[in-house]
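# Geometric and topological summary
Here is how the chains run, residue by residue.
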Amino acid sequence: MEMISENRAFGGTQGVYTHNAHTTHCEMTFGLFLPEEAKDGPVPVIWYLSGLTCTHENAMVKAGAQQWAAEQGVALVFPDTSPRGEGVADDAAYDLGQGAGFYVNATQKPWAPHFNMWDYISEELPSFLQEYAPLDMSRQSIMGHSMGGHGALTLAMALPGRYRSVSAFAPICNPTAADWGRKQLSAYLGADEAAWAGHDATLLMREKGFDGPVLVDTGTADQFIDLLRPEALAEAATARRQEGSFRLQKGYDHSYFFVSTFMEEHIAFHAEALYAD
């Protein structure tokens, strides 16, 4: 692991690091915030997955999460959104390729060699961090924004017992039924839509649900709300009688002004689950 930077923040440390990842076959960058309590032993961890066009840096700088994580004594991990670098496939469009990994394991050319973000987030990076950082991996929660909200919800429901809580800001809720989803899932996973089902939060909610609390916030003025389809996820959760809150926040858009406004609530929501016992 190579340190890019470390800065003191709210009594803890905000670091940025790189490592060579075997799942994505390239160098990956991530941010890690450790609260002051990490000096005394392992602390619970919240994963934050970012959205389209983002890197590890967007939420780390704009979300205001460190203040509330320090208050609750939890760590934050900010992974990148895709593999990057020379030799990694890309696309001219903003919503495919580098910066748009969609948190899947690609099976199609030219994406398959590197675009294995599902395994990177669920397996490799947690194992790597457990070796190098004082994190209590028995107490994990996950959250995300937009494409990252999609990733957080799908990972949480597909990996029962892994995360104690899940939350999302303006997630892509039903990608198999929207342009933000069908394009990427067909490119990465192929034309067989049966392969897409495990990466659709609405379909997973209908089939599996989540064994724990769920919190989802979407702004009523979100310029992408028709692509996000929050009503589909809410309907599936209601039909399943899923424990959770699915909120429409009046006047808020898709930006990090929206994310930072409700970040304190989301961190507190996860901390309650992480410290439940």
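Presented here is an overview of the structure given in this document. Since this is a predicted model, take the numbers as computed values, not measurements.

Attention now goes to the overall build of the chain. Helix and strand counts for the chain stand at nine helices and nine strands. A compact globule built from 277 residues would reach a C-alpha radius of gyration of about 19 Å, and the chain, at 17 Å, matches this within 12%. Overall, the chain is about 50 × 45 × 35 Å in size when its C-alpha atoms are taken along their principal axes. Considering only contacts in the chain between residues 6 or more positions apart, those separated by 24 or more positions represent 72%. A total accessible area of about 11,300 Å² is found for the chain, and carbon and sulfur atoms account for 48% of it. Distance between charge centres in the chain, computed from 17 positive and 35 negative side chains, equals 5 Å.

Right, let's talk about the sheet that holds strand E8 (residues 214–219) for a bit. Overall, mixed pairing links the nine strands, which are arranged E1-E2-E3-E5-E4-E6-E7-E8-E9 in an open sheet. One side of each edge strand has no neighbouring strand; the edge strands of this open sheet are strand E1 (2–9) and strand E9 (245–249). The sheet shows a mean angle of 20° between the axes of neighbouring strands, taken without regard to direction. In this sheet, E8 lies alongside strand E7 (residues 166–169) in parallel orientation, the contact comprising four bridges. Residue pairing for E8: phenylalanine 169 is matched across the bridge by aspartate 217. Here helix H2 (residues 65–72) sits on the sheet in contact with strand E2 (12–21), strand E3 (26–34) and strand E5 (75–79), set at roughly 145° to E5.

We now examine the pattern of salt bridges. In the structure shown here, the tally under the stated rule is nine salt bridges. Aspartate 80 is paired through a salt bridge with arginine 84; the nearest N and O atoms lie 2.7 Å apart. The exposure class assigned to aspartate 80 is buried, which follows from its relative accessible area of 5%. Ionic pairing is found between glutamate 193 and arginine 182, a salt bridge with its closest N-O pair at 2.6 Å. Note that glutamate 193 is positioned in the loop between helix H5 (179–189) and helix H6 (201–207) and arginine 182 in helix H5, a separation of eleven residues in sequence.

A few words now on helix H8 (residues 230–240). What H8 keeps buried is the set Pro230, Ala232, Leu233, Ala236 and Ala237. Take H8 and look down its axis: the buried residues cluster within an arc of 165°, on one side only. Turned more than 90 degrees away from the buried face of H8 sit Glu235, Thr238 and Ala239, all of them exposed. Elements in contact with the buried residues of H8: helix H4 (147–158), H6, E8, helix H7 (225–228) and E9.

Quick look at the packing of H2 against helix H9 (residues 256–274) now. For the pair H2 and H9, the least separation of the axes is 9 Å and the interaxial angle reads 30°. When the axis of H2 is compared with that of H9, the two are roughly parallel. At the point where H2 passes H9, the crossing takes the right-handed sense. Counted together, Ala65, Trp68, Ala69 and Gln72 of H2 and Met263, Glu264, Ile267, Ala268 and Ala271 of H9 form the full contact between these two elements.

To continue, consider the nonpolar core. Of all hydrophobic cores here, the largest spans 88 residues; its most connected members are Leu135, Tyr188 and Met263. Non-local contacts of tyrosine 188, meaning those with residues more than four positions away in its chain, are made with Leu96, Gly97, Ala100, Gly101, Phe102, Val104, Ala106, Thr107, Gln108, Trp111 and Phe115.

Before going further, it helps to spend a moment on the packing of helix H3 (residues 117–132) against H4. Contact geometry of H3 with H4 gives a least axis separation of 12 Å together with a crossing angle of 60°. On the basis of the axis angle, H3 is oblique to H4. Considering only the axes of H3 and H4, their crossing is right-handed. Residues Trp118, Ile121 and Ser122 of H3 pack against Thr154, Leu155 and Ala158 of H4. In the contact of H3 with H4, the residues fall into four nonpolar, two polar and no charged.

Conventions used here
Residues numbered from 1 in each chain as written. Predicted model: local features only at pLDDT ≥ 70, side-chain atom pairs only at ≥ 80, totals over all residues. Heavy atoms only, no water. Helix = DSSP H or I, 4+ residues; strand = E, 2+ residues; numbered from the N terminus. Rg over C-alpha atoms; globule rule 2.2 N^0.38 Å. Contact = heavy atoms within 4.5 Å. Areas by Shrake-Rupley, 256 points an atom, 1.4 Å probe, with all protein chains shown as cover. Lys, Arg positive; Asp, Glu negative; His and termini not counted. Charge placed at Lys NZ, Arg CZ, Asp CG, Glu CD. Pairing = 2+ DSSP bridges. Axes fitted to C-alpha atoms, helices over the stretch in contact; angles between N-to-C directions. Salt bridge = Lys/Arg side-chain N within 4 Å of Asp/Glu carboxyl O. Buried < 20%, exposed > 50% of the residue type's maximum accessible area, 1.4 Å probe, protein only. Arc of directions from axis to C-beta. Parallel < 35°, antiparallel > 145°, perpendicular 65-115°, else oblique. Left-handed = near helix turned anticlockwise from the far one by under 90°. Core = buried A, V, L, I, M, F, W, Y, C linked by side-chain atoms within 4.5 Å. Nonpolar A, V, L, I, M, F, W, Y, C, P; charged D, E, K, R; others polar.

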